[in-house]
Amino acid sequence: MIYADIIVDISVDNLDKTYQFAVPKHLEEKAVVGALVKFPFGKANRIIKGYIISLSQTPKIDISYIKEISEVVDDALVMESHLIKLASWIREQYGATLNDALKVVLPVKQTVKMIEKRTICLQWSKEETENLLKEVQRKGYKARIRFLTVLLDKGQLDYEEAIHQYGITRPVIQAMEEQGVIRVEAKTLYRNPIKNKQEMQKPVTLTEKQQEIVNDFTKEYEEGKRRTYLLHGITGSGKTEVYMEMMDHVLKQGKQVILLIPEIALTYQTVMRFYKRFGDRISIMNSRLSKGERYDQYLRAKQGEIDIMIGPRSALFTPFEKLGLIIIDEEHEGSYKSEMPPKYHAREVAIYRASLLEASVILGSATPSLEAYKRAKDGEYKLYELKERVNQAALPKVYIVDLREELKKKNKSIFSEKLKELIQDRLDKKEQIMLFLNRRGFAGFVSCRSCGHVMKCPHCDVSLTYHTGRRADQLVCHYCGYEEPMPKKCPSCGSPYIATFGTGTQKVEEMVKKEFPSARVLRMDMDTTAGKDGHEKILSAFAKQEADILVGTQMIVKGHDFGNVSLVGILAADLSLYANDYRAAEKTFQLLTQAAGRAGRSKNNGEVVIQTYSPTNYSVTTAAVNDYVGFYEKEILFRTMMKYPPVSNILVAFLTSKNEQSVEQASELFKAAVLDYKQQECVRLEQAQENESISEDVIKEELEIIGPVKANVAKVNDIYRYVLYMKHMDYIYLRNLKNFMEGFIEYSKIFNGCSVQFDFNPMSSY
Ligand code: ADP
Ligand code: ZN
Ligand code: ZN
C-alpha cells in the first residue's frame, strides 16, 4: 500500500500540518507528488482538497485510522503542484528535509493589514436617483441631498472622500447601501515596492551586434525552441539592453519573466532602468521588504497582476502561471547558491523549472562561471557574445604593479608609486577614484610581536578583527559577533607590543586620509552599510560626487555606473588567490575584471592599477587584458588535472556538533558507510553492465574520498565542524550516494547529537 502525506492549506506555516491518506490501487498512477487530490476529512467526512507532498510505504499511524483518497483532480497543472514538484526535485538533487525544500519554494503567509480602497458606486438609474433626491429634499435630509447630488454628478465616490469631504456619516452610507441605491466596493491595494512614478523611456537603438543576438533569440522563441543561452558580454557591452529586448518579446507573447540579479547589484538605479521601460507590471523582491510586502508580491504574481519579477535568488520561485523566460544576470555570482540546506544553485533550478513550464533561460555575465562556459562550449547552452563596449567606449588601461618591487624601493605604504601618482592626478582633475580591497577587514587580525600570540574568538576558531571608529578599539568576531576591547598588553606574555597587522578597509581609509588630506573619502563595507538602505545611501552620495574616493570591499564593484570614475585601484589582488579553495583563481579573475570594468565607463581615460605579489599569475594577467577565454583555457586545464568541477563533481558532507568527540566519531562512521557503498556499487555496476548499457567509464571511474578532517574554521559559536569530501565524475553517482547516506543517518544513533549537511560542488571551501 502507498500512503500519501497531504497538506490542506498550502504555505510554509502549515508544513507540519500534514495528514496521511492511503492511495487506492486504481489511483496510484495519478497520485504523484504535487497532485491535487480530494479526500474525506474529519468526523463528518466532508470532501476537501489538498496536495500530496510526499509518498511512502510506511503508515505513520494505525492503518485502521487511515482513510483513502477519493479522487485525483485532473487538471493538476496548478501552481501549487508545480512548486511542490520543484521542491521535491530540489530535495532529491541537493539533499535536505522535505520541509526545508518546501520552505524554499512556498511563501510565508503573512496576514498583514491590507490597505483597502473603498469606492461608493451608484446602482440606481439616473431617473430613479433623481426621484429619490426630490424625496429627500422634501424631507430636508441635508446629508443625503449632498450625497445624491455628487453621485448623480460623478457616478461614484471615494469612501474616505464621502466621509471627510462631504460629511456623510457611515450610518447614512450603510442605510443607502441597504436600500440598494449604492454599493460599496472594496479593492485591496497591494503595496507596490516601487514607489516613485517615473517617466517611461523609449528603448535605445540596439547596436548591430546586440540586434543580431536579439533576432536570433526571438526567432528561436517564435519557432517554439526553448533552451538555455549564455550571454557572455564584457562590462558595458549592453547586456542589460539585450535582456530588455528579449523580455519585451516574451511579454508580447503573453508570457511572464523572472529576472534574477544579485541582491547587491539590485540598486535603485538598476530597478528604475527596468521600471522606465516596462512600467508598473514589474515587481521587485529583496530582503529589505517586510514579510507582508513579500507575501503581497507573491499574491500579485499569482493573480497575474504583474508580468516581471526582479529579485535575488528567492525570486526564482515567483508563482507565474505563464512563465516564459528566466534571466540570470551575473550568473557567476556566489550568492545564487543557497548557503542553507537545501544548498541548491539557482542556475540549475532555473533550468529545471523552465523545462517544466516550457520557458527559456538566459544566463548573462562578463565573467561566466566555468560551469556555464564549459556547457556553452560543449553545446549544451547556446553562446552569445558581446565583445565590445557600446559607443566605442575604450576599455580602461591596466597597470600591474609588483608589490615586491615596491618594497625593494623602500615604499612601505599600501599605495604603490604608480597608484599614488594617478590618485593625485585624478584629485587634481576632480575625477573620482575607487579603491578596492578584496575582503572586509581581511588580515585585520591582532598579534603580539614578541611571542606571536594571535587574538582569537573564544567561541570560534578564527582570529578577531580590529575595529576603530564607531566601536572604538574593539576586537570583533566576524563569525559570531563576539566583541572584546583591544588589550593593552599581550594576554599571553605581557608584552606591550601587541598590534594589528595587514590592511582592512578601515585602515585603507585612514591611510588615504593621511596621504591625501584634502580628499573626501567614503568607505563602504559590512560595517558602514549595516542599516536599512545603508549601501544605497553611500553609493548615491558617491554618485552625486559628494566624495572623491570610495574605499570598499567587493560590494563596490557591482552594478553601479559612476560616470565620473576614471581610476580604480586594486590594493592587493592576491588576497583571494591564496584562499584554500579550488575556485580561488576564478574568483580572483572575476573580481579583478569586475573592478576594472568600473573605470572609465563614460570617459575614455579609464585607468586601473592592480597591485599584487603575483604579477605573473594567470588570473591576474588575463584579467588585466580582459581575456576571459585565455583565463578559461588555463583554468579548465587545472580543473581537469585536479578533477574539480565542472570537469568532475564534488559532494561535501559537513558534520557539526556541540560535542567534538561525537562529531569526530560520526564522521569516521560516515566514511566507513561511504566505503561500504562504494564497494556495493562496484559489484552492482559490474553485474548491471552485463545486461544494461552502462559505459566503461562510469565503472572504471573511482569514487575518491578525502577526509574526514576538521573544517577550515573548525569551530563556530562553540559548535565543532568536520568535513568529508567525495569526488566522482558522475553527478548521479554522488546523488545516489547522498540518498543512501540520508537513509543511513536516519537509522544510525551516532548521528543523534550531530547534524549533517550536504553540498554539491561547493562555492567555497569548508
Ligand atoms: P552591461 O549590462 O553589459 O554592463 P549595459 O546594458 O548596462 O551593459 O550598458 C552599458 C551602458 O551603455 C548603459 O548606460 C546603456 O544604457 C548603454 N547602452 C547599451 N546599449 C546601448 C545602445 N545600443 N545604444 C546606446 N546606449 C546603449
Ligand atoms: Zn605575547
Ligand atoms: Zn566567534
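What you see is a predicted model; the values in this text were computed from it and never measured. (Residues numbered from 1 in each chain as written. Chains lettered and ligands numbered in written order. Predicted model: local features only at pLDDT ≥ 70, side-chain atom pairs only at ≥ 80, totals over all residues. Heavy atoms only, no water.)

Q: Which residues make up the overall build of the protein, and what values go with them?
A: From N to C terminus, the protein includes 22 helices and 30 strands. Taken over 766 residues, the protein has a buried fraction of 52%. In the protein, the proportion of contacts linking residues at least 24 apart, taken out of those at least 6 apart, comes to 74%. Just so you have it, the protein exposes about 36,200 Å², and 50% of that area is on carbon and sulfur atoms. (Helix = DSSP H or I, 4+ residues; strand = E, 2+ residues; numbered from the N terminus. Buried < 20%, exposed > 50% of the residue type's maximum accessible area, 1.4 Å probe, protein only. Contact = heavy atoms within 4.5 Å. Areas by Shrake-Rupley, 256 points an atom, 1.4 Å probe, with all protein chains shown as cover.)

Q: Can you explain the packing of helix H8 (residues 239–252) against helix H9 (residues 268–278)? Please cite residues and give values.
A: Their axes nearest at 11 Å, the elements H8 and H9 cross at an angle of 40 degrees. For the pair H8 and H9, the sense of crossing is right-handed. When H8 is examined against H9, the residues Thr240, Glu241, Met244, Glu245, Met247, Asp248 and Leu251 are found in contact with a partner set consisting of Arg273, Phe274, Arg277 and Phe278. Class assignment of the residues belonging to the contact of H8 with H9 gives a composition of 5 nonpolar, 1 polar and 5 charged. (Axes fitted to C-alpha atoms, helices over the stretch in contact; angles between N-to-C directions. Left-handed = near helix turned anticlockwise from the far one by under 90°. Nonpolar A, V, L, I, M, F, W, Y, C, P; charged D, E, K, R; others polar.)

Q: Summarise the sheet that holds strand E23 (residues 521–524); cite the residues concerned and give the values.
A: A sheet is described by the order of its strands in space; here 6 strands give the open sequence E16-E26-E25-E17-E24-E23, paired in parallel fashion. Every interior strand has two partners, whereas the edge strands, strand E16 (397–402) and E23, have only one. The sheet shows a mean angle of 15 degrees between the axes of neighbouring strands, direction not considered. Of the strand pairs in this sheet, E16 and strand E26 (residues 607–612) are connected by 6 bridges, and their pairing is parallel. Counted as the bridge partner of Val401 is Gln611 from E26. Strands strand E17 (432–436), E23, strand E24 (549–552) and strand E25 (565–570) of the sheet are contacted by helix H16 (residues 534–543), whose axis makes an angle of about 150 degrees with E23. (Pairing = 2+ DSSP bridges.)

Q: Quick rundown of the nonpolar core? Include the residues and the values.
A: One finds Phe670 and Met726 to be the most contacted residues of the largest nonpolar core, which totals 105 residues. The element contributing the most residues to this core is helix H1 (residues 79–94), with 8 residues. Not counting residues up to four positions away in its chain, the partners in contact with Met726 are Asn649, Ile650, Leu651, Ala653, Phe670, Val674, Leu703, Glu704, Ile705, Leu734 and Leu737. Grouped together as the second largest cluster of nonpolar side chains are 30 residues, Val250, Val271, Phe274 and Ile327 included. (Core = buried A, V, L, I, M, F, W, Y, C linked by side-chain atoms within 4.5 Å.)

Q: Can you tell me about the pattern of salt bridges, naming the residues and giving the values?
A: Counting across every chain of the model gives 48 salt bridges. The residue Asp5 makes a salt bridge to Lys60 at a minimum N-O spacing of 2.9 Å. Linking Asp5 in strand E1 (residues 2–7) with Lys60 in the loop between strand E4 (46–56) and strand E5 (71–72), this pair joins segments that are 55 residues apart in sequence. When its relative accessible area of 7% is taken as the criterion, Asp5 is described as buried. A residue is classified by how much of its surface remains accessible, and Lys60, at 57% relative accessible area, is exposed. (Salt bridge = Lys/Arg side-chain N within 4 Å of Asp/Glu carboxyl O.)

Q: Got a sec to walk through the environment of Pro396? Specific residues and values, please.
A: Relative to the elements of secondary structure, Pro396 occurs in the loop between strand E15 (382–386) and E16. Among all residues touching Pro396, those that are not within four sequence positions of it are Arg389, Ala596, Ala599, Gly606, Glu607 and Val608.

Q: Talk me through the site of ligand 1; I want residue IDs and the actual numbers.
A: Taken together, 17 residues form the shell around ligand 1, and within it Thr205, Gln210, Lys239, Thr240 and Arg273 come nearest. Within the side chain of Glu241, a nitrogen or oxygen atom sits 3.2 Å from an oxygen atom of ligand 1. Take Arg273: an N or O atom from its side chain is 2.9 Å from an oxygen atom of ligand 1. Against a free-state accessible area of 560 Å², the protein chains account for coverage of 76% of ligand 1. Tallying contributions element by element places H8 first for the shell around ligand 1, with 3 residues. When grouped by side-chain class, the residues that make up the shell around ligand 1 number 4 nonpolar, 8 polar and 5 charged. (Near = heavy atom within 4 Å. Polar contact = N/O pair within 3.5 Å; in protein donor to acceptor, adjacent residues only side chain to side chain.)

Q: A description of helix H3 (residues 126–139) should follow, citing residues and the corresponding values.
A: When the terminal C-alpha atoms of H3 are compared, their 20 Å separation across 14 residues agrees well with the 20 Å that a helix rising 1.5 Å per residue should span. Trailing H3 by a residue or two, Gly140 shows a phi angle of about 75 degrees, which is positive. (Expected span 1.5 Å × (residues − 1).)

Q: Describe the packing of H3 against helix H4 (residues 142–154), and please don't skip the residues or the numbers.
A: Contact pair H3 / H4: the axes reach a minimum separation of 9 Å and the direction vectors enclose 160 degrees. Overall, the two elements H3 and H4 adopt an arrangement that is roughly antiparallel. The two elements H3 and H4 cross, and the hand of that crossing is left-handed. Here Lys126, Thr129, Glu130, Leu132, Leu133, Val136 and Gln137 of H3 come into contact with H4, specifically with Arg144, Ile145, Leu148, Thr149 and Leu152. (Parallel < 35°, antiparallel > 145°, perpendicular 65-115°, else oblique.)

Q: Account for helix H19 (residues 628–642), naming residues and giving values.
A: With 15 residues, H19 should reach 21 Å at 1.5 Å per residue; the first-to-last C-alpha distance of 21 Å fits that figure. Where H19 is concerned, the buried positions are Tyr628, Gly630, Phe631, Tyr632, Glu635, Ile636 and Arg639. In this fold, the buried residues of H19 make contact with strand E9 (228–233), helix H12 (370–377), helix H17 (584–596) and helix H18 (618–624). A positive phi of about 55 degrees marks Lys643, the residue just after H19.

Q: If you had to explain unusual backbone geometry to someone new, which residues and values would you point to?
A: Residue Pro645 is joined to Pro646 through a cis peptide bond whose omega torsion reads 5 degrees. Cis geometry is found at the peptide bond from Gly707 to Pro708, where omega equals 5 degrees. As for its placement among the helices and strands, Pro708 is situated in strand E28 (residues 704–716). A positive phi angle, close to 55 degrees, is found at Asn45, a residue other than glycine. With a phi angle near 50 degrees, Glu330 is a residue other than glycine that sits in the positive phi range. When you line up the elements, Glu330 lands in the loop between strand E13 (323–329) and helix H11 (346–357).

Q: Could you give an account of the sheet that holds strand E12 (residues 308–311), with specific residues and numbers?
A: The strand order across the open sheet built from 7 strands is E11-E12-E10-E13-E14-E9-E15, with neighbouring strands paired in parallel fashion. The sheet terminates laterally at strand E11 (282–284) and E15, the two strands that pair on one side only. When strand polarity is set aside, the average angle formed by the axes of neighbouring strands in this sheet is 15 degrees. The sheet contact formed by E11 and E12 spans 3 bridges and is parallel. From the neighbouring strand, Ser283 faces E12, where its bridge partner is Met309. Along the sheet, H11 makes contact with E9, strand E10 (256–260), E13 and strand E14 (360–365), crossing E13 at roughly 165 degrees.

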